[in-house]
Amino acid sequence: MMQTNPTGTIYIVDDDEDFRDSMQWLLESANHNVVTFPSAREFLDNFNGEIGCMLLDVRMPEINGLALQQIMQERNIQMPIIVISGHGDIPMAVSAMKQGAMDFLEKPFDGDVLLRLVGRALSKAQKASDEQGAQKEILENYASLSRREKEVMKLVVAGNANRQIAEELDISPKTVEVHRSRVMSKMRAGSLATLVKQASQLSEQA
């Protein structure tokens, strides 16, 4: 049975044309989608925001790998990065790891090792994308609540019963029930536990 690769694009940023070509051939032969760039500037000018991971050479002219990492952080370009280093670049590779790179490989390296790392990186990228999508949906759902519904939601997740909420907001328990039902529906929360979790995620974004 053929194994299905995680989806996403692998971005190769390296000024060595022969290396880019060989890596592209290896990864495409394993059914990965690959885009190559000869410089950090080329990547920054042409990146289209697709989900993926990066193979990044730390030693490049003009903008090196460490500088590109910093620029990506400033522009909120988030993706797992596998740093590629030559023999004399280990300190730079370690610095790249400290800046958030997922792993680093020293040239020359085994193709199977690269494929395993790329698989992990793409899976990590997909998971992060899914989580961002879920977070965006929660924010949009919360924004659709009326002011009163937000007040009811806050009191519900704090553990208050309908009668307590009614007294706090000076409305009838029946009205609380209506608002509570609308909150659960709009937030697409199938249970109180889910609503509490969503409220926690919203507070983390605040």
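Going by the structure above, here's the rest.
Here the structure is a predicted model, which is why all the values come from computation and not from measurement.

Cut-offs applied
Residues numbered from 1 in each chain as written. Predicted model: local features only at pLDDT ≥ 70, side-chain atom pairs only at ≥ 80, totals over all residues. Heavy atoms only, no water. Helix = DSSP H or I, 4+ residues; strand = E, 2+ residues; numbered from the N terminus. Rg over C-alpha atoms; globule rule 2.2 N^0.38 Å. Buried < 20%, exposed > 50% of the residue type's maximum accessible area, 1.4 Å probe, protein only. Core = buried A, V, L, I, M, F, W, Y, C linked by side-chain atoms within 4.5 Å. Contact = heavy atoms within 4.5 Å. Patch = residues over 30% accessible without salt bridge, like charges linked within 9 Å, V, L, I, M, F, W, Y side chains within 5 Å. Areas by Shrake-Rupley, 256 points an atom, 1.4 Å probe, with all protein chains shown as cover. Salt bridge = Lys/Arg side-chain N within 4 Å of Asp/Glu carboxyl O. Lys, Arg positive; Asp, Glu negative; His and termini not counted. Charge placed at Lys NZ, Arg CZ, Asp CG, Glu CD. Axes fitted to C-alpha atoms, helices over the stretch in contact; angles between N-to-C directions. Parallel < 35°, antiparallel > 145°, perpendicular 65-115°, else oblique. Left-handed = near helix turned anticlockwise from the far one by under 90°. Nonpolar A, V, L, I, M, F, W, Y, C, P; charged D, E, K, R; others polar. Phe/Tyr/Trp six-rings, centres within 6.5 Å; stacked < 30°, edge-to-face > 60°. Lys NZ or Arg CZ within 6 Å of the ring centre and 35° of its normal.

Draft legend 1. Spatial organisation of the overall build of the chain. Within the chain, the secondary structure is distributed over nine helices and five strands. In the chain, the succession of α and β elements from N to C terminus is β-α-β-α-β-α-β-α-β-α-α-α-α-α. Relative to a compact globule of 206 residues, whose C-alpha radius of gyration would be 17 Å, the chain shows 24 Å and is clearly more extended. Its C-alpha atoms give the chain principal-axis dimensions of about 75 × 45 × 25 Å. Within the chain, buried positions represent 39% of all 206 residues.

Draft legend 2. Broad picture of the nonpolar core. Counting residues in hydrophobic clusters, the biggest one holds 23 residues, and the most contacted among them are Val-13, Phe-43, Met-54, Leu-68, Met-72, Met-79 and Ile-81. Counting residues per element, the ones that place at least two in this core are strand S1 (9–13), helix H2 (40–46), strand S3 (52–57), helix H3 (65–74), strand S4 (81–85) and helix H4 (90–98). For this core, the element with the highest residue contribution is H3, accounting for four residues. Ignoring any residue separated from it by four or fewer positions in sequence, one finds Val-13 in contact with Phe-37, Ser-39, Ala-40, Phe-43, Met-54, Leu-55, Leu-56, Asp-57, Met-60 and Leu-68.

Draft legend 3. Quick peek at unusual backbone geometry. Each neighbour pair has its own omega, and for Lys-107 with Pro-108 the value is -10°, a cis peptide bond. The backbone of Glu-62 shows a phi angle near 65°, a positive value even though the residue is not glycine. Its place among the elements puts Glu-62 in the loop between S3 and H3.

Draft legend 4. Highlighting a negative patch on the surface. Among the surface-exposed residues, Asp-15, Asp-16, Glu-17, Asp-18 and Asp-21 lie close enough to one another that they form a single negatively charged patch. For Asp-15, the position within the fold is in the loop between S1 and helix H1 (17–29).

Draft legend 5. Fine view of the packing of helix H6 (residues 147–157) against helix H7 (residues 162–169). It is the contact of H6 with H7, at a shortest axis distance of 10 Å, that shows an interaxial angle of 130°. As summarised for this structure, H6 and H7 are arranged oblique, according to the angle between their axes. By crossing handedness, the relation of H6 to H7 is classed as right-handed. Of H7, the residues touching H6 (which contributes Arg-148, Glu-151, Val-152, Leu-155 and Val-156) are Ile-165, Glu-168 and Leu-169. When the residues that make up the contact of H6 with H7 are grouped by side-chain class, the tally is five nonpolar, no polar and three charged.

Draft legend 6. Spatial organisation of the packing of aromatic side chains. Enumeration over the complete set of coordinates arrives at six aromatic pairs. Between Tyr-11 and Phe-37, the aromatic rings sit 6.4 Å apart at their centres with planes inclined by 20°, giving stacked as the arrangement. Of this pair, Tyr-11 sits in strand S1 while Phe-37 sits in strand S2 (residues 33–37); the two residues are 26 residues apart in sequence, bridging distant segments of the chain. No difference in accessibility class separates Tyr-11 from Phe-37, as the two residues are buried. Ring centres 5.8 Å apart and planes at 75° place the aromatic pair Tyr-11 and Phe-43 in the edge-to-face group. Of this pair, Tyr-11 sits in strand S1 while Phe-43 is found in helix H2, placing the two residues 32 residues apart along the sequence. Residue class for Tyr-11 comes out buried when judged on its relative accessible area of 2%. Looking at Lys-107, its charged tip hangs above the ring of Phe-19, at a distance of 4.4 Å from the centre.

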